[in-house]
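# Structural description and commentary
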Amino acid sequence: MGLWSAKFATGNTVVDNDHMEIFKLVEDVMESSIKDGKEKNETAINFLAQYVVGHFKREENLMAESDYPNTAAHTKEHNDFMEVAKQLKEDFDDGGYAFGELEMHPDTMHLSKVINDTVVGWLTTHVMGSDKDLADHYRKWKYGR
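As the structure is a computational prediction, the values presented were derived from the model and not from experiment.

For the rest of this paragraph, the subject is the overall build of the protein. On a plain count of helices and strands, the protein comes out with four helices and zero strands. Across the protein, helices and strands are ordered from the amino to the carboxyl terminus as α-α-α-α. Counting all 145 residues of the protein, 37% fall into the buried class. Carbon and sulfur atoms provide 54% of the accessible area of the protein, an area that totals close to 8,100 Å².

Shown next as structure tokens:
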């Protein structure tokens, strides 16, 4: 069972498809942090960070297009998350986590915990709140309902 579920659906196909991919990437990072080597972890973390940047840009384009009234707060949430992602990447690059161990190393468990608590927690809160609000606004703006 994956992290994504229908409760996260906003009704906006572009946003929902991005969210499904982001949740899948987070799952991949969490799984690889436990059992795979450093190279696969690095690839997954880098790809997640790049994908999130593109996703945020797509959401921000929807905000601009529809004159979304909560753009500043929503964009701040994106920027705050990027700081979290940047710190995660820096910790990884600095060797703050042990990867590729045959048994689960405490640092490896820590990375999975950080990802679960921070990344999944943030995504859940953001998607269920701000992103659903944006999708509702955009739908009303575009279709009048």
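Right, let's get into the nonpolar core. Judged by nonpolar contacts, the single largest core of 23 residues is most densely connected at Ile 22, Val 26, Leu 48, Phe 81, Ile 115 and Leu 123. Counting only elements with at least two residues in this core, the list comes to helix 1 (13-35), helix 2 (38-66), helix 3 (71-93) and helix 4 (106-143). Setting aside chain neighbours within four positions, we find Phe 81 in contact with Val 52, Phe 56, Val 119 and Trp 122.

Another point: the packing of aromatic side chains. Per the counting criterion, the structure on display carries seven aromatic pairs. The interplanar angle of 65° and the centroid separation of 5.9 Å between the aromatic rings of Phe 56 and Trp 122 together place this pair among those described as edge-to-face. Of this pair, Phe 56 sits in helix 2 while Trp 122 sits in helix 4, and the two are 66 residues apart along the sequence. Assessed through its relative accessible area of 19%, Trp 122 is described here as buried. Summarising the aromatic geometry, the rings of Tyr 138 and Trp 141 are spaced 5.4 Å apart at their centres and angled 40° between planes, so their arrangement reads as tilted. Within this pair, Tyr 138 and its partner Trp 141 are both found in helix 4, separated by three residues, close to a single helical turn. Under the relative-accessibility criterion, Tyr 138 is labelled buried at 8%. Assessed through its relative accessible area of 42%, Trp 141 is described here as partly exposed. Each residue in the set Trp 4, Phe 8 and Phe 23 is aromatic and connected to the rest through ring pairs, giving one cluster. Here the basic side chain of Arg 58 rests over the ring of Tyr 51, its NZ or CZ set 5.7 Å away from the ring centre.

To continue, consider the environment of Ile 22. Relative to the elements of secondary structure, Ile 22 occurs in helix 1. We classify Ile 22 as buried; its relative accessible area is 2%. Once the C-alpha coordinates of Ile 22 and Val 120 are considered, the two residues, 98 residues apart in sequence, prove to be 9.9 Å apart. For Ile 22, the residues in contact, after removing those within four places along its chain, are Leu 48, Tyr 51, Val 52, His 55 and Leu 123.

What follows is about the environment of Asp 16. Position of Asp 16 relative to the elements: it lies in helix 1. On the basis of relative accessibility, which here comes to 9%, the residue Asp 16 falls in the buried class. Among all residues touching Asp 16, those that are not within four sequence positions of it are Trp 4, Phe 8, Ala 9, Thr 10 and Gly 11.

Turning to the environment of Ala 73, a few remarks are in order. Tracing the backbone shows Ala 73 in helix 3. Distance in space between the C-alpha atoms of Ala 73 and Ser 130 is 8.9 Å, their sequence separation being 57 residues.

So, on to helix 3. The end-to-end C-alpha distance of helix 3, which contains 23 residues, comes to 32 Å, matching closely the 33 Å that a straight helix rising 1.5 Å per residue would cover. When helix 3 is considered as a whole, its buried residues turn out to be His 74, Thr 75, His 78, Phe 81, Ala 85, Leu 88 and Phe 92.

The tally for this structure, following the rule as stated, stands at three salt bridges. Measuring nitrogen to oxygen at the nearest pair gives 2.9 Å for the salt bridge that ties Asp 80 to Lys 76. With Asp 80 and Lys 76 both in helix 3 and four residues apart, this pair spans about one turn of that helix. Judged by relative accessible area, Asp 80 falls into the partly exposed class, the value being 38%.

Parameters at a glance
Residues numbered from 1 in each chain as written. Predicted model: local features only at pLDDT ≥ 70, side-chain atom pairs only at ≥ 80, totals over all residues. Heavy atoms only, no water. Helix = DSSP H or I, 4+ residues; strand = E, 2+ residues; numbered from the N terminus. Buried < 20%, exposed > 50% of the residue type's maximum accessible area, 1.4 Å probe, protein only. Areas by Shrake-Rupley, 256 points an atom, 1.4 Å probe, with all protein chains shown as cover. Core = buried A, V, L, I, M, F, W, Y, C linked by side-chain atoms within 4.5 Å. Contact = heavy atoms within 4.5 Å. Phe/Tyr/Trp six-rings, centres within 6.5 Å; stacked < 30°, edge-to-face > 60°. Lys NZ or Arg CZ within 6 Å of the ring centre and 35° of its normal. Expected span 1.5 Å × (residues − 1). Salt bridge = Lys/Arg side-chain N within 4 Å of Asp/Glu carboxyl O.

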